[in-house]
Amino acid sequence: MKLIDGRQVLLDLDDDGVGHLRLNRPEASNGMDVPFLRDLYDVIMRAHGEPGLRCLLLTGEGRHFCAGGDVTTFASKGDALPDYLREATSWLQISVQGLLGLQAPVVAAVHGFAAGGGGFGLVCASDIVIAAESAKFMSGATRVGMAPDAGSSVTLPQIVGVRKAMEIFLTNPTLSAADALDIGLITRVVADDVLHEEALALARTLAAGAPKALAATKRLVWSGLGSRVEAQLPEEARTVAELSGTADSREGLAAVIERRSPHFTGK
């Protein structure tokens, strides 16, 4: 079922609850300008309001996942660039907040380049990242005299550690998929020709999970960044007690006891 079509960011929803968010500006390597970012925000907000969504699969059309900001558009703005970027980064910020706050897990399937605040930032804001063997990753902000955005100044150090994040931000290495896997930036590397198949299989597995439990787990992990363990313990306890009263929790326990696969309904 097509939810949003004919724009620079597309959204489809399968019958199994997998939403397909596709960056659709291939002629510009899915480079982000203001119209693109407005579309991205609109699509993410639509995903928030879609009751049938169980997992969001994030992909890019064309040769690259996302090359980051549209540098050609940026350069054309001249002295007006600061004003333009204030709007662009505002749309990017609320889009990233939307992904982090989405109840459904977000799986990114990366091919080609994931670069700049946009591409690299979306990788850091996804819950699980599967990359093709030929995929490349680069921050790139300081290379053009700018600084990291899309929340990556917080998310990347949490994912790979402060020292490695500082090296990535300051020296802008091009990381291979193997490099990205080695430092924990991504979850899994697969052959190029099975990237979509593997990512979709994982998305379907997540979509078959207990929605409330997955949403609560995602919320606890992201909201816990930078928190002390003792500060997070009460929230974990409250969440576990609340989930234990759901039909999905009872179904999960029964399935374990009866040695069968569970059937979760989201209730």
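What comes next concerns the included structure.

About the cut-offs
Residues numbered from 1 in each chain as written. Predicted model: local features only at pLDDT ≥ 70, side-chain atom pairs only at ≥ 80, totals over all residues. Heavy atoms only, no water. Salt bridge = Lys/Arg side-chain N within 4 Å of Asp/Glu carboxyl O. Helix = DSSP H or I, 4+ residues; strand = E, 2+ residues; numbered from the N terminus. Buried < 20%, exposed > 50% of the residue type's maximum accessible area, 1.4 Å probe, protein only. Expected span 1.5 Å × (residues − 1). Contact = heavy atoms within 4.5 Å.

1. Side note on the pattern of salt bridges
At step 1: Per the counting criterion, the structure on display carries 18 salt bridges.
At step 2: Here Arg204 makes a salt bridge to Asp16, at a shortest N to O gap of 2.9 Å. With a gap of 188 residues between them, Arg204 in helix H8 (residues 195–207) and Asp16 in the loop between strand E2 (9–13) and strand E3 (18–23) connect regions that are remote in the sequence.
At step 3: Since its relative accessible area comes to 33%, Asp16 is described here as partly exposed.
At step 4: The partner of Arg25 in a salt bridge is Asp70, and the shortest N-O contact between them spans 2.8 Å. Here the residue Arg25 occupies a position in the loop between E3 and helix H1 (34–48), and Asp70 occupies one in the loop between strand E4 (55–60) and helix H2 (71–76), the gap between them amounting to 45 residues.
At step 5: One connected set of salt bridges, linked through shared partners, spans Arg25, Glu27, Asp33 and Asp70.

2. What about helix H9 (residues 211–223)?
An α-helical turn contains 3.6 residues, so a residue and the one three or four places further along point in the same direction.
At step 1: Taking 1.5 Å of rise per residue, 13 residues should cover 18 Å, and H9 covers 18 Å from first to last C-alpha, within 8% of that figure.
At step 2: Every buried residue of H9 is accounted for by Ala215, Ala216, Lys218, Leu220 and Trp222.
At step 3: Tucked inside the fold, the buried residues of H9 contact helix H3 (81–101), strand E5 (106–110), helix H4 (116–125), helix H5 (152–160) and helix H10 (229–243).

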